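As a plain string of letters, each chain reads:
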Amino acid sequence: MPSPEFRKFQKYLHDLSHISSALALVTWDQAVNMPNKGVHHRADTIATLSGILHEKFLSKEFVQLLKKLKKAHDQNELSPDQSATVRETWRTYELENKLPLEFVKEEGKTIGEASSKWEEAKRKSDFTIFAPYLEKLVVLARKKAEFRGYKKSPYDALLKTFEPEKDTEEIFMLFEELKDFLVPFLQKIIKSKIKLDPKKLYGNFPKNKQEEFNCFVAKKIGFDFDAGRLDMSEHPFTIGLNPEDVRMTTRYSEKDLLHALVGTIHEAGHALYEQGIPSKNFGNGLGEAMHISIHESQSKIWENMVGKSKAFWKYLHPKIKKTFAGPYDRISLDECYALVNAVEPSLIRVEADEVTYNLHIILRFEIEKELIEGTIEVKDLPKIWNEKMKEYLGVRVPNDGKGVLQDMHWSGGSFGYFPSYILGNLAAAQFYGAANKKYPKMEQEIARGDCTTLLKWLRENLHKYGKKYSAEEILRRSTGESLGTDHYRDYIQKKYGDIYKISL
Ligand code: ZN
């Protein structure tokens, strides 16, 4: 029986969740439904709701309760669930509380200015427009690290926002291992006699038919339309109001069927995770998804390991042929599968294939780590960026718009976010491998369009826990190992070695 204090604490958490939910709904609506003119008042609405959330979270009464319960947690007086709730709330509190209000305001203001300068710089492809603002943001990020405190690298303190259990050194080592494998492996792919041109799959795919087809596929992999929606927005995203109301979006290209399909399956991966969190836990502190790398692992499993697998394409190919006239009629299953997975070094991260994507991320991590540690300077970024692109991917960057200015992360002050994308890929390979080992017939089922076994494994081993265990603990419990590069390397080597006929 929880103490009256714990009950009061949970009541607070519930209220906070409801405000977050409302925020999520207006944010979703802004991207999906809102008329253009609504933008100004909507920005104020979001700011007010965020302010209320922040104030309530740092209110005297709540903080006193939290501190008391943290003591009880440290003295092992709480049940495992209560303990996890307090642990996670404390973590958020520490991140927020260590930053003085003046700093938060200054950071917010600088981000606002930097974001619009970044947009202008990107449009004009001129780094010098953005550079002075990026310099300010780097200074602020270093200040943030000082406020939070760190042992070795100030970058450690920034990682805490996204991956609380990881430090710079561990990520550096993982990425070095990965780079040592990926750079030469990519060269083998480029030199292979197999040449794949994904444009062969271009045709004419009417949007209304695609909408229906995307819903069909999302449903097929387990998305519950009674507890969620699929809509359209400029940038695809998923947002969970609660486990029984999960909104995802996609965007369509009438020329390229894969454009929406791959995006929808990716978002459905995020959405399945959100829907899999037990509804009874919503708002109690445990009923939330884990941090970004675990969330991203879920989207990557469905997008790449299922959505771009030979097994799933065995099921999908005839369905596409039946639904759409065009290139898929003329191209065999084997060729389709290869084309869907074509590897091609390119300039833009968000358009990159599964193999080169990681190199785009490693480059960004290396640059932002050194920026924060002060071993490189903002003014040198375009040169460093272009040299690394040449070294890792073999491509020449024609201008800064297609180079150092392409991502919005830095303009939003999000230093330390990029590594989560790769950590998600590594975790995905580990989770998928463990499920496959437990259920060796899983891929035969997927080839028949039945994805329930995989979803069941993910629900049982991951989704149902919400925030009960840390990311590292979830991984160890479900796969028996901590995060490493071996499974991912094996997966890439096998899949692409086969497609590009590379002997290992
Ligand atoms: Zn994602």
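Check the entry above for the structure.
Owing to the predicted nature of the structure, the values given are computational and were not obtained by experimental measurement.

*Asks:* Explanation requested: the nonpolar core in the structure shown.
*Replies:* Inside soluble globular proteins, nonpolar side chains tend to come together where they are buried. Ranked by size, the top nonpolar core spans 129 residues in total, and within it Trp302 and Phe312 carry the most contacts. Looking at this core element by element, the count peaks at 11 residues for helix α17 (residues 419–438). Those residues in contact with Phe312, other than ones at most four positions away along the chain, are Val217, Ile221, Ile265, Val306, Gly307, Ile446 and Cys451. Leu13, Phe57, Phe62 and Val86 belong to the second largest nonpolar core, which has 16 residues in total.

*Asks:* Honestly, helix α12 (residues 310–323) in this entry has me stumped. Any pointers?
*Replies:* Over its 14 residues, α12 runs 20 Å from end to end, which matches the ideal 20 Å to within 8%, given 1.5 Å per residue. Considering bend angle alone, the principal kink of α12 is centred on Leu316 and spans about 30°; proline Pro318 follows within four residues of it. Next to the buried residues of α12 lie α9 (207–220), α10 (257–276), α11 (292–306), α13 (327–330), α14 (333–340) and α18 (442–447).

*Asks:* Sorry if this is basic, but what is going on with the sheet that holds strand β2 (residues 238–242) here?
*Replies:* Across a sheet, paired strands are connected by hydrogen bonds in the backbone, their directions being either parallel or antiparallel. With respect to topology, 3 strands assemble into an open sheet ordered β1-β3-β2, the strand pairing being mixed. Strand pairing shows two members of the sheet lacking a second neighbour, β1 (228–232) and β2, which therefore form its edges. Strand-to-strand twist of the sheet, defined as the mean angle between neighbouring strand axes without regard to direction, takes the value 20°. In this sheet, strand β3 (residues 245–250) lies alongside β2 in antiparallel orientation, the contact comprising 4 bridges. Of the residues in β3, the one forming a bridge with Asn242 is Asp245. Here α10 sits on the sheet in contact with β1, β2 and β3, set at roughly 165° to β3.

*Asks:* Hey, could you run me through the packing of aromatic side chains in this one?
*Replies:* Geometrically, a pair of aromatic rings is defined through the distance of the ring centres and the angle of the planes. All chains considered together, the criterion is met by 25 aromatic pairs. Pairing Phe6 with Phe9 gives two aromatic rings, centres 5.7 Å apart and planes at 55°, and the pair type is tilted. Taken as a pair, Phe6 and Phe9 lie in helix α1 (residues 4–32) at a separation of 3 residues, close to a single helical turn. Since its relative accessible area comes to 3%, Phe6 is described here as buried. For the pair Tyr155 and Phe365, a centre-to-centre distance of 5.6 Å together with 65° between the ring planes defines the contact as edge-to-face. Highlighted residues: Tyr155 in helix α7 (residues 154–159) and Phe365 in helix α15 (residues 354–373), separated in sequence by 210 residues. Given a relative accessible area of 0%, Tyr155 falls into the buried group.

*Asks:* How should the state of the cysteines be read in this particular structure?
*Replies:* Disulfide: a covalent bond formed between the sulfur atoms of two cysteine residues. The final tally for this structure, using the stated rule, is 0 disulfides. Here Cys336 is not cross-linked by a disulfide; its sulfur's nearest cysteine counterpart is in Cys451, at 18 Å. Residue classification places Cys336 among the buried residues on the basis of a relative accessible area of 0%. The structure places no disulfide on Cys451, whose sulfur is separated from the nearest cysteine sulfur, that of Cys215, by 16 Å. Judged by relative accessible area, Cys451 falls into the buried class, the value being 3%.

Parameters and conventions
- Residues numbered from 1 in each chain as written.
- Predicted model: local features only at pLDDT ≥ 70, side-chain atom pairs only at ≥ 80, totals over all residues.
- Heavy atoms only, no water.
- Core = buried A, V, L, I, M, F, W, Y, C linked by side-chain atoms within 4.5 Å.
- Buried < 20%, exposed > 50% of the residue type's maximum accessible area, 1.4 Å probe, protein only.
- Helix = DSSP H or I, 4+ residues; strand = E, 2+ residues; numbered from the N terminus.
- Contact = heavy atoms within 4.5 Å.
- Expected span 1.5 Å × (residues − 1).
- Bend = angle between axes of the 7 residues up to and from the residue.
- Pairing = 2+ DSSP bridges.
- Axes fitted to C-alpha atoms, helices over the stretch in contact; angles between N-to-C directions.
- Phe/Tyr/Trp six-rings, centres within 6.5 Å; stacked < 30°, edge-to-face > 60°.
- Disulfide = S-S within 2.5 Å.

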